[in-house]
Amino acid sequence: MNVTRILPGTRPDADIYALTDSRLSLGRSLEEVASALLGAGVRILQYREKEMDGGEMLEQCRLLRRLTRDASACLIIDDHVDIALLCGADGVHVGQTDIPVPDVRALVGPDMIIGLSTHSPDQARAAAAAGADYIGVGPIFATRTKRNVCAPVTLDYLDWVAGNISLPFVAIGGIKEHNIAEVARHGAKCCALVSELVGAPDIAARVAAVRAAMHAHDADAPAFRNMEGRGAARAGGSVEYGPPRSVLLSKVSAAGDPVFRPAGFTLPPERPQVNCGCPASRFQSRPARLKQSIS
């Protein structure tokens, strides 16, 4: 299989991960939206449509395959392994309740990219062990573009992934032009956007604005500059992170995970846990865990 293997955050033009959504595209065709995204320099495009018949989805994915191949871009299909194979996509992205990664690998072979959504440290570790090529990290913020989504994992989980997981990853969930710089400062080299891009009247201009906002911090030292220190905190040491943000690194938590908090961080009120496969103890009781970790 001839795969365009572009993983999130692994090269300069792999910083934006765009997802399709016909409901949010202002009545424009998939071809018009995808052509605008690719023309603006997006090189990772995920086809995500939740309410279409399989035949129509396959037809659209074959169209996207032609467009992405002409642009030397990577095409990822959400959930549907069969459609990914039939259209010759470069990869498939699955969720925690979809076909497990080892079984997807058995179907698609060794070359196709497999991405897996994760919402907790345990899921991130399991994704690496299962052979995922990259992971989704989120939702970082509240989002309405996907139904039955779990509560935001917040920047806490992004901090943990950036400091502990070696797989490429993409931050997702509620990311917009106004907050993408903050997400980047917390270690995200690639961010996924849906409505912010496909719902923009001028897609090319919005891609340029989002990319400029994301890299506004690049003139400063990256937030996670000393990445060779990954895992040191788990061994009882400390990890040094460079400016521009001031970070409080607490003691290692009882679960063995370092707890990162930006200076001035205020914990949000606790919220009911939506069943998305996240261990309830991981994020549901964060205020109590923080008090324990810094006491």
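Look up: the structure comes first, before these words.
Please read these numbers as outputs of a predicted model, since none were measured by experiment. (Residues numbered from 1 in each chain as written. Predicted model: local features only at pLDDT ≥ 70, side-chain atom pairs only at ≥ 80, totals over all residues. Heavy atoms only, no water.)

Asker: For the overall build of the protein, give the residues involved together with the corresponding values.
Answerer: A tally of regular secondary structure across the protein gives 11 helices and 10 strands. Per-residue burial over the protein gives 53% buried out of 295 residues. Counting only contacts in the protein whose residues sit at least 6 apart along the sequence, the fraction spanning at least 24 positions is 60%. Total accessible area on the protein is roughly 13,100 Å²; 52% of this is exposed by carbon and sulfur atoms. (Helix = DSSP H or I, 4+ residues; strand = E, 2+ residues; numbered from the N terminus. Buried < 20%, exposed > 50% of the residue type's maximum accessible area, 1.4 Å probe, protein only. Contact = heavy atoms within 4.5 Å. Areas by Shrake-Rupley, 256 points an atom, 1.4 Å probe, with all protein chains shown as cover.)

Asker: Kindly report on the pattern of salt bridges, identifying the contributing residues and their values.
Answerer: Taken as a whole and judged by the stated rule, the model has 10 salt bridges. For the salt bridge of Asp-13 with Arg-11, the shortest nitrogen-to-oxygen distance reads 2.5 Å. (Salt bridge = Lys/Arg side-chain N within 4 Å of Asp/Glu carboxyl O.)

Asker: I'd love a proper account of the state of the cysteines, names of residues and values included.
Answerer: In this structure the tally under the stated criterion is 0 disulfides. The thiol of Cys-61 is not disulfide-bonded; the next cysteine sulfur, from Cys-87, is found 4.9 Å away. Of the residues examined, Cys-61 reaches a relative accessible area of 0% and is grouped as buried. Its relative accessible area of 7% is what places Cys-87 among the buried residues. (Disulfide = S-S within 2.5 Å.)

Asker: Explain the pairing of strand E6 (residues 134-137) to me, using residue names and the numbers behind them.
Answerer: Neither face of E6 is left uncovered, since the one carrying Tyr-134 and Gly-136 and the one carrying Ile-135 and Val-137 both have all their residues buried. Pairing analysis gives 4 bridges linking strand E5 (residues 113-118) to E6, with the strands arranged parallel. Pairing of Gly-115 across the sheet is with Tyr-134, part of E6. Once you follow E5 into helix H5 (residues 121-130) and on to E6, the crossover reads as right-handed. (Pairing = 2+ DSSP bridges. Right-handed = clockwise from strand over helix to strand, strands pointing away.)

Asker: Mind laying out the pairing of strand E1 (residues 16-19), listing which residues take part and the relevant values?
Answerer: Burial of the side chains of E1 extends over both faces: Ile-16 and Ala-18 are buried on one face and Tyr-17 and Leu-19 on the other. As paired strands, E1 and strand E8 (residues 191-193) are joined by 3 bridges and run parallel to one another. The partner of Ile-16 across the bridge, within E8, is Cys-191. Note that E1 and strand E2 (residues 44-47) share 3 bridges and pair parallel. Each bridged residue has a counterpart across the sheet, and for Tyr-17 the counterpart in E2 is Ile-44.

Asker: Describe the side chain of Arg-43, naming the residues involved and giving the relevant values.
Answerer: Its place among the elements puts Arg-43 in the loop between helix H1 (30-39) and E2. Of the side chains with opposite charge, Asp-13 lies nearest to the buried Arg-43, which makes no salt bridge, at 4.6 Å. In this structure the side chain of Arg-43 is engaged in a polar contact, spanning 3.0 Å, whose partner is the backbone oxygen of Leu-38. Of note is the side chain of Arg-43, whose polar atom sits 3.3 Å from the backbone oxygen of Ala-71. With residues up to four places along the chain from it excluded, the contact list for Arg-43 reads Ile-6, Asp-13, Leu-38, Ala-71, Ser-72, Ala-73 and Cys-74. (Lys, Arg positive; Asp, Glu negative; His and termini not counted. Polar contact = N/O pair within 3.5 Å; in protein donor to acceptor, adjacent residues only side chain to side chain.)

Asker: Before we move on, can you summarise unusual backbone geometry with the specific residues and values?
Answerer: Following Gly-138, the chain continues into Pro-139 via a peptide bond in cis, with omega recorded as 0 degrees. For Pro-139, the position within the fold is in the loop between E6 and helix H6 (154-164). Despite not being glycine, Ser-72 shows a phi value in the positive range, around 55 degrees. The topology assignment puts Ser-72 in the loop between helix H2 (54-70) and strand E3 (74-78). Overall, the relative accessible area of 49% leaves Ser-72 in the partly exposed class. We note that Thr-154 has phi near 70 degrees; this positive angle belongs to a residue other than glycine. Position of Thr-154 among the secondary structure elements: in helix H6. With a relative accessible area of 16%, Thr-154 lands in the buried category.

Asker: Explain the environment of Tyr-134 to me, and be specific about the residues and the numbers.
Answerer: Structurally, Tyr-134 can be placed in strand E6. For the pair Tyr-134 and Gly-9, spaced 125 residues apart in sequence, the C-alpha to C-alpha distance is 10.0 Å. Beyond its immediate stretch of four places on either side in the chain, Tyr-134 contacts Leu-7, Pro-8, Tyr-17, Ile-76, His-93, Ile-113, Ile-114, Gly-115, Leu-116, Pro-168 and Val-170.

Asker: Hey, could you go over helix H4 (residues 101-108) for me, with residue numbers and the actual values?
Answerer: Every buried residue belonging to H4 is among Val-101, Val-104 and Val-108, and all of these are buried. Angularly, the buried residues of H4 cover 55 degrees about the axis, an arc narrow enough to put them on a single face. Close packing links the buried residues of H4 with helix H3 (81-87), strand E4 (91-94), E5 and H5. A positive backbone phi angle near 90 degrees is found at Gly-109, which sits one or two residues after H4. (Arc of directions from axis to C-beta.)

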